[in-house]
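Each chain is listed here by its residues.
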Amino acid sequence: MRRSLILALVMVAIGAQAKFIPDPIVQYKVDARLDPQAKTLKGHEVIRWRNHTSDTIPDLQFHLYLNAFKNNLSTFFREGGASSRRVRFRDEADSWAYVAVQSIKVDGEDLTARMQYIQPDDGNPYDQTVMRVPLSRPIAANGRVTIEIEWTSKLPRVFARTGFLDNFFLVAQWFPKPGVYEGPGDRHREQGGWNCHQFHVSTEFYADYGTFDVSLTVPSDYEIAASGDERSSKQNGDGTTTHEFYQEEIHDFAWTTQPQSQVQKIVRTFRADEQVTPSEIAEWSRKEGVPPEEVRLKDVKVTLFIQREHASQIERHFRAVFAALKWYGIWYGKYPYDVVTFVDPPSPFGLGAGGMEYPTFFTAGTSYWPAARQLSPEGVIVHEFGHQFWYGLVGNNEFEEAWLDEGFNSYSTGKVLEKAYGPNYAYQRVFGVPIPVQSWLNLPVPRYPWKGVDGVPIGQYWEWVPEYHWQPSRRYWQEAETDAMERFAWLDLNRSSYGVQAYDKPELTLRTLEGLLGEAWPKVIRTYHMRYRFKHPDAIDFMNTVTEVSGRDFKWFFDQTLYGTGRLDYSVSFTTGAAPEKDGFFDENGKQVLVRPEKGDEDDDDKGPVESEVLVRRLGEMVFPVTVRVKFDDGSEVFEHWDGQYRWQKFKYTNKPKIVMAEVDPDRQWKLEVPRTDNSALKEPVKLAPEKWYLRWVVWIQNVLMAFSFFS
Ligand SMILES: [Zn+2]
């Protein structure tokens, strides 16, 4: 009896721990009404906000993201925002958008007259994406305020993650939202202060975790889906219905609505017991060093909001999202919410709303006839779901350290696709010649039809990695030295450099780190994820976790990859052949004796002693420890190790057979290395001409197709 009571108490304690944080920094109660004809929203919100720091705070700051689309002089447009996510902004009257605050009260006091726009990032007087409100009474440490705001939003024609297209609405970045007040020590800051950046072209978002209770009023014949779970709906008797959505412990809220005649809403349950086998749980519990209970997943209600003309792709959508729920959950920790909703926007023009993540809610996007093995929409579904983990749960600051979500998530996307769909395939034949299929997320990548050289696929010889990280490698090569990964994203030289520093280089960096860490890696990445769930970590937190869990010092690695712009590039070459025979005067017993080589066949090289030399050169600025594999013609091998510091190193062999091959980084751990072609050298020349032409053609096609790609 007592024993079972204790057990029950323990269970209660565990149950309580598993619940979301009881006293969130921010609690929203929002009411909004959509006018589908005017493309506007009228909104009212009550925000309970808590000062979680030891600072006394003199003002409040809010994001007013929709003002990025207010006119062509906003910082968003000055940074080149006229086209975004493959969609060109249509500068027609109904495209411009805004969010206008009509009134703001703090603890009942009307502060509307004090509202001011500030531009903390660039001083652009036309930018109105950040609002500051000085307070009469500063907020004491651990103090609370209640903020009441009335506002109107005009939505843009679908563009840059939000807006309308006819009667389709993707409503995101739509309400006045407090910035994050960071106290001393938060994200390794020395002094406290508001972290509330302007809306930029490249960067995304940052906000505190909290509770959202949101009531949305739309026409009664409209379907609706949103962050969180629908708790109630009631008809208002005027042709509209009010739907109430609720979710705890998320940091943003987005929703979509469209006439029921155009969309289908399908709800299915991800059943953990059916999706994950006991042996998978055992395997990953061992690899991650956690008890099996922690690897076990929970059931999740999954809602798909799909255009009726895409109904034939419903199964593909669910298969992809289930794969993502499974593998992200197994590797990093179970998806903790009860629900997830994903939206297929109308194609092609609604795709400006596609490929974007919000907590428990994300948008995908597809075309009318995706090829069966093209992995689109699958790639984008896995990726955007993945942001539930990287950015949704581990809430990094996307403005300042974009790579911590995009990089971790790009890395994870590739891993899930490999698991769920196998190594990749997609190329199509045009006039009998295979060419790669490019999806709009740059996934998937081609498998080379030729067998390659010495059993290694051509792709590895060309620029290395043959499968999912082949594309990042190619793009990284072009922008390796432009910017550093660890940098405020809107300060990158251009969009293409941002793409490389936020997505491609970090993905290759994490793949490289995974190779270097070996068995410690699953523990490292899981520990980092679980430790910083519902928190705002920065790069230092990640680096510290790597050091702590692996017990090894990776400062040399992070200094070069996160903060540096150097390239990793080693090359190898060798000479091998008959050692020189004696020719000339040699001392023998105190006499000068003339020795001449024996006359023989020219092809006599194979007899007699052999002399060989392997030359490894460091061509890039990154310094990595080097392993070289040297293969001899009797089939034997030696492995050489070098600290990689100086510009070159030679290895000499005298009592060995001839060398047939030498290779740097034989285990191919350095996914960051470009180019890979010079990483191995073969004795026999290989007829590479057809492959070279093929590759040149592939590069050309990839570059053309890349013009159509975009990031999310
Ligand atoms: Zn992303």
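Residues numbered from 1 in each chain as written. Predicted model: local features only at pLDDT ≥ 70, side-chain atom pairs only at ≥ 80, totals over all residues. Heavy atoms only, no water.

Novice: So what exactly am I meant to see when it comes to the overall build of the protein chain here?
Specialist: Within the protein chain, the regular secondary structure consists of 15 helices and 36 strands. The proportion of buried residues among the 712 residues of the protein chain is 59%. Summarising the internal contacts of the protein chain: among those between residues at least 6 apart in sequence, 75% fall at separations of at least 24. For the protein chain, the computed accessible surface area is about 30000 Å², with 52% contributed by carbon and sulfur atoms. (Helix = DSSP H or I, 4+ residues; strand = E, 2+ residues; numbered from the N terminus. Buried < 20%, exposed > 50% of the residue type's maximum accessible area, 1.4 Å probe, protein only. Contact = heavy atoms within 4.5 Å. Areas by Shrake-Rupley, 256 points an atom, 1.4 Å probe, with all protein chains shown as cover.)

Novice: Where do I start with the nonpolar core in this structure?
Specialist: As a rule of thumb, soluble globular proteins bury nonpolar side chains together. Judged by nonpolar contacts, the single largest core of 175 residues is most densely connected at W49, W174, W255 and V614. When residues of this core are assigned to their parent elements, the largest contribution, 13 residues, is made by helix α6 (residues 314-332). Non-local contacts of V614, meaning those with residues more than four positions away in its chain, are made with V572, S573, F574, V628, V630, Q649, K650, F651, Y653, I659 and A662. (Core = buried A, V, L, I, M, F, W, Y, C linked by side-chain atoms within 4.5 Å.)

Novice: Help me out: how do you make sense of the sheet that holds strand β36 (residues 680-682) in this one?
Specialist: In a beta sheet, neighbouring strands are held together by backbone hydrogen bonds and run either parallel or antiparallel to one another. The strand order β33-β32-β35-β36 describes an open sheet built from four strands, whose pairing is antiparallel. Every other strand in the sheet has two partners, leaving β33 (637-642) and β36 as the edge strands with one partner each. When the angles between neighbouring strand axes are averaged without regard to direction, this sheet yields 15°. Pairing of strand β35 (residues 659-664) with β36, which is carried by three bridges, proceeds in the antiparallel orientation. Considered in β36, the bridge of A662 is made with A681. (Pairing = 2+ DSSP bridges. Axes fitted to C-alpha atoms, helices over the stretch in contact; angles between N-to-C directions.)

Novice: Sorry if this is basic, but what is going on with the packing of aromatic side chains here?
Specialist: Each pair of aromatic rings is reported with the distance of its centres and the angle of its planes. Under the counting rule described, the total for this entry stands at 65 aromatic pairs. Centre to centre, the rings of Y28 and F212 are 4.2 Å apart; their planes meet at 15°, and the pair counts as stacked. Here the residue Y28 occupies a position in strand β1 (residues 26-35), and F212 occupies one in strand β16 (residues 210-219), the gap between them amounting to 184 residues. Across the pair, exposure class does not vary: Y28 and F212 are buried alike. A centroid spacing of 5.9 Å and a plane angle of 90° characterise the contact between Y570 and W642, whose relative ring orientation is edge-to-face. (Phe/Tyr/Trp six-rings, centres within 6.5 Å; stacked < 30°, edge-to-face > 60°.)

Novice: Before we go on, may I ask you to explain helix α13 (residues 539-550) in this structure?
Specialist: In an α-helix, one full turn covers 3.6 residues, which means residues spaced three or four apart are oriented alike. Given a rise of 1.5 Å per residue, 12 residues ought to cover 16 Å, and the 17 Å separating the end C-alpha atoms of α13 matches this to within 8%. Looking at α13, one finds that the buried residues are A539, D541, F542, M543, T545, V546 and S550. Buried positions along α13 lie against α8 (403-421), α11 (495-517), α12 (521-531) and α14 (555-561). In the segment just after α13, G551 is the residue with positive phi, at about 70°. (Expected span 1.5 Å × (residues − 1).)

Novice: I would appreciate a short explanation of the pattern of salt bridges in the present structure.
Specialist: Oppositely charged side chains are able to pair whenever their charged atoms sit close together. One pass over the structure, following the stated rule, counts 38 salt bridges. With its nearest N and O atoms 3.0 Å apart, the salt bridge here joins D229 to K301. Of this pair, D229 sits in strand β18 (residues 229-235) while K301 sits in strand β22 (residues 300-307), placing them 72 residues apart in sequence. With a shortest N-O distance of 2.7 Å, R316 and E378 are connected by a salt bridge. A residue pair is termed long-range when its members are at least 10 positions apart, and R316 in helix α6 and E378 in helix α7 (residues 378-386) qualify at 62 residues. (Salt bridge = Lys/Arg side-chain N within 4 Å of Asp/Glu carboxyl O.)

Novice: Can you help me understand the sheet that holds strand β28 (residues 570-578) in this one?
Specialist: Strand order in the open sheet formed by three strands is β28-β31-β34, and the pairing between neighbours is antiparallel. Two strands lie at the open edges of the sheet, namely β28 and β34 (648-653), each paired on one side alone. For this sheet, the mean inter-axis angle between neighbouring strands, taken without regard to orientation, is 15°. Summarising the sheet, β28 and strand β31 (residues 610-618) pair through nine bridges and their orientation is antiparallel. Looking at the pairing, A578 lines up with V610 of β31.

Novice: I keep staring at the environment of F168 and nothing clicks. Help me out?
Specialist: Locating F168 in the fold gives a position in strand β12 (residues 168-171). When the C-alpha positions of F168 and V263 are compared, they lie 9.4 Å apart, and in sequence the two are 95 residues distant. Excluding residues within four positions of it along the chain, F168 makes contact with V158, G163, T256, T257, Q258, Q307, V343, P345, P346 and A353.

Novice: Where do I start with the pairing of strand β20 (residues 255-259) in this structure?
Specialist: Each regular strand carries side chains that alternate between the two faces of the sheet. β20 sits mainly inside the fold: five of its five residues count as buried. Burial along β20 is two-sided: W255, T257 and P259 facing one way and T256 and Q258 facing the other are all buried. Here β12 pairs with β20 via three bridges, running antiparallel. Looking at β20, one finds that L170 is bridged to T256. Sheet topology note: the strand β17 (residues 222-226)/β20 ladder contains five bridges and is antiparallel. The partner of E223 across the bridge, within β20, is Q258.

Novice: In this structure, what is going on with α12? I would like to understand it.
Specialist: Every buried residue of α12 is listed here: W521, P522, V524, I525, R526, Y528 and H529. As for α12, its buried residues are in contact with α4 (278-288), α5 (292-295), α6, α8, α11 and α13.

Novice: Could you clarify how one ought to interpret the environment of Y246 in this entry?
Specialist: The residue Y246 is located in strand β19 (residues 240-250) in this model. Residue classification places Y246 among the partly exposed positions, given a relative accessible area of 22%. As a C-alpha pair, Y246 and Y28 span 218 residues in sequence and 9.8 Å in three-dimensional space. Within polar-contact distance, the side chain of Y246 engages the side chain of E248 at 3.0 Å. (Polar contact = N/O pair within 3.5 Å; in protein donor to acceptor, adjacent residues only side chain to side chain.)

Novice: Even after reading the chapter, I still don't get unusual backbone geometry, so can you show me in this structure?
Specialist: Leaving glycine aside, a negative phi is the common case for residues, and trans is the common case for peptide bonds. Phi at Y391 is positive, roughly 115°, even though this residue is not glycine. Counting through the fold element by element, Y391 comes out in the loop between α7 and α8.

Novice: Whenever I open this one, the side chain of K39 confuses me. Can you help?
Specialist: With respect to the helices and strands, the residue K39 is situated in the loop between β1 and β2 (40-50). Among buried Asp, Glu, Lys and Arg side chains, K39 stands out as unpaired, with D166 the closest opposite charge at 6.5 Å. Contact partners of K39, with chain neighbours within four places excluded, come to S153, K154, L155, F164, D166, N167 and F169. (Lys, Arg positive; Asp, Glu negative; His and termini not counted.)

Novice: Sorry, what's going on with the pairing of β31 here?
Specialist: Burial along β31 is one-sided: V610, S612, V614, V616 and R618 are buried, and none of E611, E613, L615 and R617, which face the opposite way, are. Sheet topology places β31 next to β34; six bridges connect them, and they run antiparallel. The residue of β34 that forms the bridge with V614 is F651.

Novice: Just checking my understanding: could you explain the confidence of the model for the protein chain for this structure?
Specialist: Close inspection of predicted coordinates is inappropriate in any region flagged by low pLDDT. When pLDDT is averaged across the protein chain, the result is 86; 84% of the residues are at 70 or more. Overall, residues 425-467 carries pLDDT values under 50, and its contacts beyond four positions in sequence, including any with other chains, amount to 137 contacts. (pLDDT = per-residue confidence, 0-100.)

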